Amino acid sequence: MKRVLALVATLCLVLGFQNCAQNQMQSLDLAASDVSVNLPPQSSNGESSTPTAGKVTYVEIPNISEDGAVAQKASEVTPYRLVISLQSGSIQLMDDSNAVLQKRCLDSGSLQELKTILTGANICAASVPADDQICAMKYQPGYASLFVNEKRVNLGEEQDSCGRGRKDLCGALTDVFQAYVSHVKQHWTEMNCE
C-alpha cells in the first residue's frame, strides 16, 4: 500500500512540474499530437541496430473480470480487457471475440496524463540470458500492451523464470505507468463519457 501511495505521489510530482513548465498552447499541441515511444533495437545476425520510434495508437489492459472489476489474483487470466484509444480517450471493455461489452471515456486530464507518460518514453528489453543458463518454464502475463505501428508490444510479460522476452518502459516510468494502469483498472467503471 505504501509503495502504491509513493508511486502515485511521484506521478503527481512529475506531472505537476511538467504542467508548471508548459503554457496552455503547449498542452493543446500535445493533446493533438501523436504519441511515440522508442522501441528497443532489433538485432539480426549478431548486428546491433539503433532504436526506432513508433506511434502508439492504443493501450490494452488485460485481465478484467466479467463484471468489470479487477481480477482478484495477479496470475488470473481472463478473456476481458480494456482497450484505450490514445486519439479519443475512449475505453472499451472487450471480450476474447473482440465484442465491445461496455464503453467509457478518459477525461481530458487523464488522457493528457497518459500521453505525458508515454510521449518519448523508451521501451527496454531484458538482457538475454546465456545459452548455458537454466531457466524454469514459467510464464508471467504482461500488465499492459501498447499498439505501436500496428504491432503489439506486451509490457511486463516474461516467458521463463530468467525474464526472457521481457519488455517494459525504461527506468522510473515503469512504476509510474504501472500505477496509472492500476488506477484505470480500479476506477474505469466510474469514467463516464461527456
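The model shown is predicted, which means the values in this text are computed figures rather than measured ones. (Residues numbered from 1 in each chain as written. Predicted model: local features only at pLDDT ≥ 70, side-chain atom pairs only at ≥ 80, totals over all residues. Heavy atoms only, no water.)

**Comments concerning the overall build of the protein**
Within the protein one finds four helices and nine strands. Along the protein, helices and strands appear, N-terminal first, in the series α-α-β-β-β-β-β-α-β-β-β-β-α. Counting every position in the protein, which comprises 194 residues, the buried fraction comes to 39%. Considering only residue pairs separated by 6 or more positions, the protein has 55% of its internal contacts joining residues 24 or more positions apart. Working note: accessible area of the protein is about 11600 Å², and carbon and sulfur atoms make up 52% of it. (Helix = DSSP H or I, 4+ residues; strand = E, 2+ residues; numbered from the N terminus. Buried < 20%, exposed > 50% of the residue type's maximum accessible area, 1.4 Å probe, protein only. Contact = heavy atoms within 4.5 Å. Areas by Shrake-Rupley, 256 points an atom, 1.4 Å probe, with all protein chains shown as cover.)

**Structural notes on the state of the cysteines**
By definition, a disulfide links the sulfur atoms of two cysteines through a covalent bond. Counted under the stated rule, the structure contains three disulfides. Residue Cys105 pairs covalently with Cys193 via a disulfide, S to S 2.0 Å. Across the disulfide from Cys105 to Cys193, rotation about the S-S bond amounts to roughly 80 degrees, and the bridge is consequently right-handed. Placement of the pair is Cys105 in strand β5 (residues 100-105) and Cys193 in the segment after α4 (173-187), with a sequence separation of 88 residues. The class for Cys193 is partly exposed, based on a relative accessible area of 41%. (Disulfide = S-S within 2.5 Å.)

**Details of helix α3 (residues 108-118)**
For α3, the buried fraction is high: eight of the 11 residues fall into the buried class. Ser110, Leu111, Gln112, Leu114, Lys115, Thr116, Ile117 and Leu118 are the residues of α3 that are buried. The backbone nitrogen of Gly109 lies 3.1 Å from a side-chain oxygen of the residue at the head of α3, namely Asp107. Two residues or fewer after α3 comes Gly120, characterised by a positive phi angle close to 75 degrees. (Polar contact = N/O pair within 3.5 Å; in protein donor to acceptor, adjacent residues only side chain to side chain.)

**Details of the pattern of salt bridges**
Enumeration over the complete set of coordinates arrives at five salt bridges. Between Asp160 and Arg164 there is a salt bridge, with the nearest N and O atoms lying 2.7 Å from each other. Take Asp160: its relative accessible area is 8%, and that puts it in the buried class. The partly exposed category is assigned to Arg164, whose relative accessible area is 31%. One connected set of salt bridges, linked through shared partners, spans Glu60, Arg81 and Arg152. (Salt bridge = Lys/Arg side-chain N within 4 Å of Asp/Glu carboxyl O.)

**Observations regarding the packing of α3 against α4**
Between α3 and α4, the shortest axis-to-axis distance is 10 Å and the interhelical angle comes to 155 degrees. Compared by their axis directions, α3 and α4 come out roughly antiparallel. Where α3 crosses over α4, the two elements pack in a sense that is left-handed. Seen from α3, the contacting residues are Ser110, Leu111, Glu113, Leu114, Ile117 and Leu118; seen from α4, they are Leu173, Val176, Phe177 and Tyr180. (Axes fitted to C-alpha atoms, helices over the stretch in contact; angles between N-to-C directions. Parallel < 35°, antiparallel > 145°, perpendicular 65-115°, else oblique. Left-handed = near helix turned anticlockwise from the far one by under 90°.)

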